[in-house]
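Chain by chain, the residues:
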Amino acid sequence: MTGQQDLIPPAKPVIGEAEIEAAVRVLRSGRVVQGPEVAAFEQEFSELVAGRHCVAVNSGTSALQLTLMALGIGPGDEVVVPSFSFAASANAVRLVGAEPIFADIEAGSFCLDPASVEAAITPRTVAIMPVHLYGHPAAMDRLMPIAQRHNLAVVEDAAQAHAAALHGQPVGSFGTAGCFSFYPTKNMHSLEGGMITTGDAELARTLRLLRNQGMEQRYANEIVGANMRLTDVAAAIGRVQLKRLPEWTEQRRANAKLLDSRITGAITPPTADGARHVYHQYTVRITADRDAAQQKLLDRGVGNAVYYPTPIHRLKPYLGKDGEPGPWHLPETERAAREVVSLPVHPSLSATDLERIADAVNSLEDAQ
């Protein structure tokens, strides 16, 4: 059995000297909240999303919630979301008083199935929230026409998909708005934080008001807002990470390509035509005894995790009054929740690590 010290971690946040120096520089400056570092981070991040307006906030969840608030979404409204996602996707909808309506995913991408989305639309539907899960872009080329036909807003949950693209267009630049997370395990981070991207200048101004108690000028409150500002310390760290994102993204993609070529005992992650997958997670399917397979991987020193073992519609806050899930028909969601296992793919892996991961997966009996 491999010792714990030899475990290859499933994720490994990077905090180097450059990040530390950036944080110290800001602390010494005394400008630590909503200052020049935040403005510079927003401007630099804009280059990643085809020049869209960028509004930095304190988390990816805040990005989703503030966007829905800025769009006027609230009680009586419905937002179509995937159930196969982190709970924050649906939580943001509930936090503004609206109701998440769950649609199924496509087996290949783990992202929203456009046909299921269209079937979920009702007269109360006001928005669609595609999640670019695991770093794979959702089918925006098919989802946007649906939204346009039904006059719906599109809020992209791009928390896991920095620099992902579809047919050359970056995620976060398709919909009404895009929402990114800078949590430490993401493809880039700011310790904690989020970014909202939009092509609508008026929406961007509303978002800036909402994150700062409804005011642009001190004590001149224009609307009811919240405190969801990003600190300059976080922004400075984010700027350092953003500069290295292209390098890290290509390393993730190269790591995934090597794993694709070596793994034979599991269903490796497919990539849709025209999709640029950035591999926040390298997620395979284990159709036999997943718990046993995970333990065997750990025994060989390969860290792994399941994202997500329980679909959102089966989580306690989303059950009906009878304690049962609603009348959702989500077969691909249920299957994915039973089968997925995410393996290490982060940029800190060595060639030896990658060979160990592939060998460990290939050693699983009846993995397919």
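Residues numbered from 1 in each chain as written. Predicted model: local features only at pLDDT ≥ 70, side-chain atom pairs only at ≥ 80, totals over all residues. Heavy atoms only, no water.

### Observations concerning the layout of surface pockets
In this structure, the largest pocket encloses a volume near 440 Å³. In this structure, the largest pocket is lined by 25 residues; those nearest its centre are Phe86, Ala159, Gln160, Ser181 and Lys186. Put simply, the parts of the chain that give the lining of the largest pocket at least two residues each are helix 3 (60–70), helix 4 (88–95) and strand 8 (177–181). The biggest single contributor to the lining of the largest pocket is helix 3, with three residues. Considered as a void within the structure, the second largest pocket measures approximately 150 Å³ in volume. Around the second largest pocket sit 14 residues that line it, and Glu106, Ser109, His136, Arg142 and Ala272 are the ones nearest its centre. A breakdown of the residues in the lining of the second largest pocket according to their chemical character gives seven nonpolar, four polar and three charged. (1 Å grid on protein atoms, 1.4 Å probe; cavity = no way out; pocket = protein on both sides within 12 Å on 5 of 7 lines; lining within 4 Å. Points joined across faces, edges and corners; volume = space filled by probe spheres on them. Helix = DSSP H or I, 4+ residues; strand = E, 2+ residues; numbered from the N terminus. Nonpolar A, V, L, I, M, F, W, Y, C, P; charged D, E, K, R; others polar.)

### Regarding the environment of proline 13
When you line up the elements, proline 13 lands in the segment before helix 1 (17–29). For proline 13 and glutamate 42, which are 29 residues apart along the polypeptide, the C-alpha to C-alpha distance reads 22 Å. Every residue in contact with proline 13, bar those within four places of it in the chain, is listed here: Pro184 and Thr185. (Contact = heavy atoms within 4.5 Å.)

### Observations regarding the nonpolar core
Core analysis: the largest hydrophobic core is formed by 53 residues, its most contacted members being Phe84, Phe110, Leu133, Met140, Ile263, Tyr282 and Leu343. For tyrosine 282, the contacting residues outside a window of four places in its chain are Ala256, Leu259, Asp260, Ile263, Thr268, Pro269, Val341, Ser342, Leu343 and Val345. One finds Leu66, Met129, Leu203 and Leu207 within the second-largest nonpolar core, a separate group that totals 32 residues. (Core = buried A, V, L, I, M, F, W, Y, C linked by side-chain atoms within 4.5 Å. Buried < 20%, exposed > 50% of the residue type's maximum accessible area, 1.4 Å probe, protein only.)

### A look at the packing of helix 3 against helix 7 (residues 201–211)
Running from N to C, helix 3 and helix 7 cross one another at 120°; their axes reach a closest spacing of 9 Å. By the criterion of interaxial angle, the relationship of helix 3 to helix 7 is oblique. Note that helix 3 runs across helix 7; the crossing there is right-handed. Mapping the contact onto sequence places Leu66, Thr67, Met69 and Ala70 in helix 3 and Leu203, Thr206, Leu207, Leu210 and Arg211 in helix 7. Residue composition of the contact of helix 3 with helix 7, by class: six nonpolar, two polar and one charged. (Axes fitted to C-alpha atoms, helices over the stretch in contact; angles between N-to-C directions. Parallel < 35°, antiparallel > 145°, perpendicular 65-115°, else oblique. Left-handed = near helix turned anticlockwise from the far one by under 90°.)

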